[in-house]
Structure formats: structure tokens, C-alpha cells
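Structural overview
Spelled out from the first residue to the last, the chains are:
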Amino acid sequence: MTTATTRPRDAGNTRQAILDSAITAFTRHGYDGVGVREIAANAGVTAMLVNRYFGSKEGLFAEVVDVSFAQPTMVPRRSDHLAAETARALIGRTAPDADHLGPFELMLKSAANPRAAEIIRAGIEKHVGARFADALQGPYAQERAELGLALIAGVWLTRRIIGTRGLRDADPQTLRAHVTRMLEAITEPSA
């Protein structure tokens, strides 16, 4: 028998409900700002079920990071125009009226916790960093990819979170052209 606060027994749906609740909670409040009981309550399950499916809050967070960073939201999987496509995505996703980007907010709000930062780093390296490095030709692909990610994070933080006028109010096409040139300096192999 189910009530309004409990979910019917279905392992796949229950696991997904917990994961969805955790993605929302960790993105809004960060790793230290939410507990397993709150995530469980919002999923309509008990904290014991969260631990059964994910082992611990840390295990749940690792799964949230893995799922959140797996999708190519900023850096395309493969492209002949990597710098231009990445710049287009970045400027579009950081526009004042754009939807939030969960993986960035998850990273920003959780990185103060050392263990959460390790999990985030592993997720970035596994997904976004690897995707970016795989798309690059020439030497030092890993270093260049991480420089590209640093540029993306810096523009995101300055334009969308802090909202400096120069980036927030810039003409999108002009800003995209500037960012494309900066990314080309990173993505083009050195002579």
C-alpha cells in the first residue's frame, strides 16, 4: 500500500526519483547544504533507501556529478569548428535570459568541500575534459583542454553569476567573436 509520501515499489523508478531529487538539491544548495533525509523526502522515500541504492551521500553525489557532466552542454563531442561551436554554446548559455546550467552551479556550490571537489574534478576529467582533449589535435592536448575549460568557467562566472556589465551587456555576436578567438588560440595546435 502506498501513501502520498511513499513511492510504489519499483527499483528503477525509485532510484531515478532519488537521483532526480539529489540533482535538484545539490545544484541548488551544494554538497554541504543538503542532507540525505531531505533528498529522500523530496523523492518520496526513506533515507535508508537512498543508502541502499547509492551507499552514502558521497556515493549519491558521485552519481549526480557523473550524470550531470556526461552530457555535452558546452563542448561538442566532435567538431571541425570546436572553438566557434564552444563559444556559441557558452555565450548562449550565459545570456541573461538563458536557463541555468546545472553542472556549473553544482560545481560552484559544492567545490568548497574538499571531498566534493575531488569528485567534481574526477567528473570533469572523465567527461568534459576528456571530450575537449579528444577533440584537440597536436601536442599538450590535456593542458590546452584544461585551459579551455578555465576560460569557459571564467566567462560563465563573470558573465552569469557575478554579472559584470562589460560581459553581461555585451553584444552577443561581438562577445562570441572574442571568445572564439581566445579559444582558437588554445585549440589550434602550436606550430
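See the structure above.
Predicted model, so just to flag it, every value in this text is computed and none were measured.

**Some points on the environment of Thr14**
With respect to the secondary-structure elements, Thr14 resides in helix H1 (residues 11-29). For the pair Thr14 and Val45, spaced 31 residues apart in the sequence, the C-alpha separation amounts to 7.8 Å.

**Here we look at the packing of aromatic side chains**
Applying the stated criterion across every chain yields a total of 4 aromatic pairs. With centroids separated by 4.9 Å and ring planes inclined at 70°, the aromatic side chains of Tyr31 and Phe61 adopt a geometry described as edge-to-face. Taken together, the positions of Tyr31 in the loop between H1 and helix H2 (36-43) and Phe61 in helix H4 (residues 57-70) put the pair 30 residues apart, joining distant regions of the chain. Exposure remark for Tyr31: the relative accessible area of 10% places this residue in the buried category. Classification of Phe61 as buried rests on a relative accessible area of 0%. Their ring planes at 50° and their centres at 5.3 Å tell us that Phe104 and Trp156 sit as a pair that is tilted. Taken as a pair, Phe104 in helix H6 (residues 102-110) and Trp156 in helix H8 (residues 141-162) lie far apart in primary sequence, 52 residues in all. Grouped by ring-pair contacts, the aromatic residues Phe26, Tyr31 and Phe61 constitute a single cluster.

**Quick word on the environment of Gly35**
Topologically, Gly35 is positioned in the loop between H1 and H2. Put simply, Gly35 and Leu175 are 140 residues apart on the chain and 40 Å apart in space, counted from C-alpha to C-alpha.

**Let's talk about helix H5 (residues 82-93)**
With 12 residues, H5 should cover 16 Å at 1.5 Å per step; its first-to-last C-alpha distance of 16 Å lies within 8% of that length. Three or more residues of H5 are buried, namely Leu82, Ala83, Thr86, Ala87, Leu90 and Ile91. One face of H5 carries all of its buried residues, which in axial projection span an arc of 145°. In this fold, the buried residues of H5 make contact with helix H7 (114-135), H8 and helix H10 (172-187).

About the thresholds
- Residues numbered from 1 in each chain as written.
- Predicted model: local features only at pLDDT ≥ 70, side-chain atom pairs only at ≥ 80, totals over all residues.
- Heavy atoms only, no water.
- Helix = DSSP H or I, 4+ residues; strand = E, 2+ residues; numbered from the N terminus.
- Phe/Tyr/Trp six-rings, centres within 6.5 Å; stacked < 30°, edge-to-face > 60°.
- Buried < 20%, exposed > 50% of the residue type's maximum accessible area, 1.4 Å probe, protein only.
- Expected span 1.5 Å × (residues − 1).
- Arc of directions from axis to C-beta.
- Contact = heavy atoms within 4.5 Å.

Scope: geometric values only; no functional claims are made or implied.
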